[in-house]
Amino acid sequence: MSLHQMKINDRGHLEIGDCDTVELARQYGTPLYVYDEMKIRQNARRFLLAFQQSGCSFQVAYASKAFSCIAMAELAEEENLSLDVVSGGELYTALKAGFPAERIHFHGNNKSEKELRMALDAEIGCFVVDNFFELELLHDLAREYQREVKILLRLTPGIEAHTHKYITTGQDDSKFGFNVKNNHALIAIKESLNKPYFHLSGVHFHIGSQIFDVHGFVQAIRMIRKHLDHVHEETGYEVEVLNVGGGFGIQYTEEDHPASIENYIQTITSEVKSEWEKRGLKFPEIWVEPGRSLVGNAAITLYRVGAIKDIPGIRKYVSVDGGMTDNIRPALYQAKYHAVLANRAGESPHEEVAIAGKCCESGDILVRNIHLPKVNSGDLLALFSTGAYGYSMASNYNRLPRPAVVFVKNGKSRIVIKRETYEDLIQNDRRKQVFAY
Ligand code: LYS
């Protein structure tokens with residue numbers, strides 16, 4: 001849920017998807033991830049419409065790392081998205097959901113042989129090859145399968161996006177992709193063209209995550225096009241597909257001012273058109289990989305407030321029943337979130353507090369400073385815009401069970417991931433056996 005769309009009912013309760021959050025918490029317990037299904041669908045449709053209006057051929061591949069589960073893959077399928085997966089587990093989820101394999105793209109800087117075989121068995125649409133090791137391994141497997149495999153090469157354009165250093169990916173010093181500046185990209189393209197079991201559809205790049213400024217994309221497209229000119233001179237090769245990755249930012253707090261979905265797509269498509277037109281080349285198919293921008297603002301997390309510790313003159317800690325186990329982003333990236341008291345959503349702010357998680361880590365703080373109405377133990381707290389990289393990065397640290405996830409729509413809710421139980425936590429543990437050694 002984004003900041004400006006907060007809906008409060010006549011009981012003063014926050015609503016999402018026309019469902020009362022207090023009722024949702026009562027029904028499913030807390031912590032609880034709640035996704036507004038229509039919001040995800042609207043975001044998807046905005047991407048597709050912006051592309052349709054550009055006149056370009058395209059694919060919008062949902063980056064399932066942002067939030068992967070069967071229901072999400074089903075939704076992506078219904079909305080005519082493609083799917084980007086980065087592991088055997090994400091691929092397995094997509095296939096189990098019945099997602100069409102030909103619309104799956106496989107990413108990752110260290111795909112194992114087992115994962116590559118799984119993807120070849122499923123006959124997925126495209127492999128985004130990340131490095132020389134994978135280039136050889138995948139080609140050996142393609143030969144073994146006696147099948148021509150479609151690939152893109154992930155290039156590293158040498159662009160630094162203005163975002164947290166842990167989530168930049170396009171700079172030269174990156175574990176991802178073939179660097180353009182040191183000629184690895186050209187060598188990889190030449191090698192791919194010489195490999196009989198590869199069809200090189202094009203190239204991919206990704207400059208980082210949570211990017212607000214469209215200019216980074218413009219710069220990267222120009223830079224990649226220059227490199228492709230060089231490739232053209234050397235080999236005569238032209239790309240059919242240009243995959244510009246994702247990284248489209250969203251608003252977490254009022255300090256964030258990302259460009260709109262329409263603005264990102266319009267900028268990217270016009271830049272590609274103008275660069276290709278200048279050279280009299282046929283426009284490539286443009287692929288994007290939004291994750292956060294599809295699901296991030298579609299969800300909230302509901303927590304129950306427990307202990308409150310006031311240190312006069314220093315800080316008031318309001319502790320909730322989740323924390324870094326269901327949302328690592330504040331601890332990992334100093335990510336900022338907005339929150340409200342969901343059971344008293346209409347009340348004015350009264351005090352400044354910190355919202356703390358329940359893990360045994362001083363860094364387990366979800367929000368360092370926030371103005372809320374006077375908070376009482378038992379209040380329900382809603383953290384906004386938690387749909388991306390929240391549940392998907394959740395852990396069982398301190399042996400906390402992972403929360404439940406529900407989808408809401410038109411006043412109805414459905415569980416899409418059930419809450420873990422203590423029994424789930426120990427299901428893979430084995431007791432000591434007398435003759436075990
Ligand atoms: N997990 C990161 C985040 O929460 C983003 C990673 C993007 C992956 N390419 O912001």
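As recorded by an unreviewed UniProt entry, the chain carries the name Diaminopimelate decarboxylase and is attributed to Thermoactinomyces mirandus. In UniProt, the chain has this text filed under Function (unreviewed entry): "Specifically catalyzes the decarboxylation of meso-diaminopimelate (meso-DAP) to L-lysine." Here the chain is described in UniProt, under the heading Pathway (unreviewed entry), as follows: "Amino-acid biosynthesis; L-lysine biosynthesis via DAP pathway; L-lysine from DL-2,6-diaminopimelate: step 1/1."

This structure, assessed with the given rule, holds zero disulfides. Free cysteine: Cys-56, not disulfide-bonded; nearest cysteine sulfur from Cys-126 at 19 Å. Look at Cys-56 and you get buried, because its relative accessible area is 9%.

Our focus in this paragraph is the pairing of strand β15 (residues 315-320). Judged by which residues are buried, β15 turns out to be one-sided: Lys-316, Val-318 and Val-320 face inward and are buried, whereas Arg-315, Tyr-317 and Ser-319, on the alternate face, are not. Of the strand pairs in this sheet, strand β14 (residues 299-311) and β15 are connected by five bridges, and their pairing is antiparallel. Across the sheet, residue Val-305 finds its bridge partner in β15, namely Val-320. Here β14 folds back onto β15 in antiparallel fashion, the turn holding three residues, of which Gly-313 has a positive phi close to 80°. Inspection of the sheet shows β15 paired to strand β17 (residues 351-356) by three bridges, in the parallel sense. Bridging across to β17, Val-318 finds its partner in Ile-355.

All right, on to the pairing of strand β6 (residues 82-85) then. Burial along β6 is two-sided: Ser-82 and Asp-84 and Leu-83 and Val-85, pointing in opposite directions, are all buried. Of the strand pairs in this sheet, strand β5 (residues 58-63) and β6 are connected by three bridges, and their pairing is parallel. Pairing of Tyr-62 across the sheet is with Leu-83, part of β6. Taking the sense of rotation as the criterion, the β-α-β connection linking β5, helix α3 (residues 70-78) and β6 turns out right-handed. Regarding the hand of the β-α-β motif, the stretch spanning β6, helix α4 (residues 88-96) and strand β7 (residues 104-106) is right-handed.

Scoring rules and cut-offs
Residues numbered from 1 in each chain as written. Predicted model: local features only at pLDDT ≥ 70, side-chain atom pairs only at ≥ 80, totals over all residues. Heavy atoms only, no water. UniProt positions renumbered as here; feature names shortened; annotations may be inferred. Disulfide = S-S within 2.5 Å. Buried < 20%, exposed > 50% of the residue type's maximum accessible area, 1.4 Å probe, protein only. Helix = DSSP H or I, 4+ residues; strand = E, 2+ residues; numbered from the N terminus. Pairing = 2+ DSSP bridges. Right-handed = clockwise from strand over helix to strand, strands pointing away.

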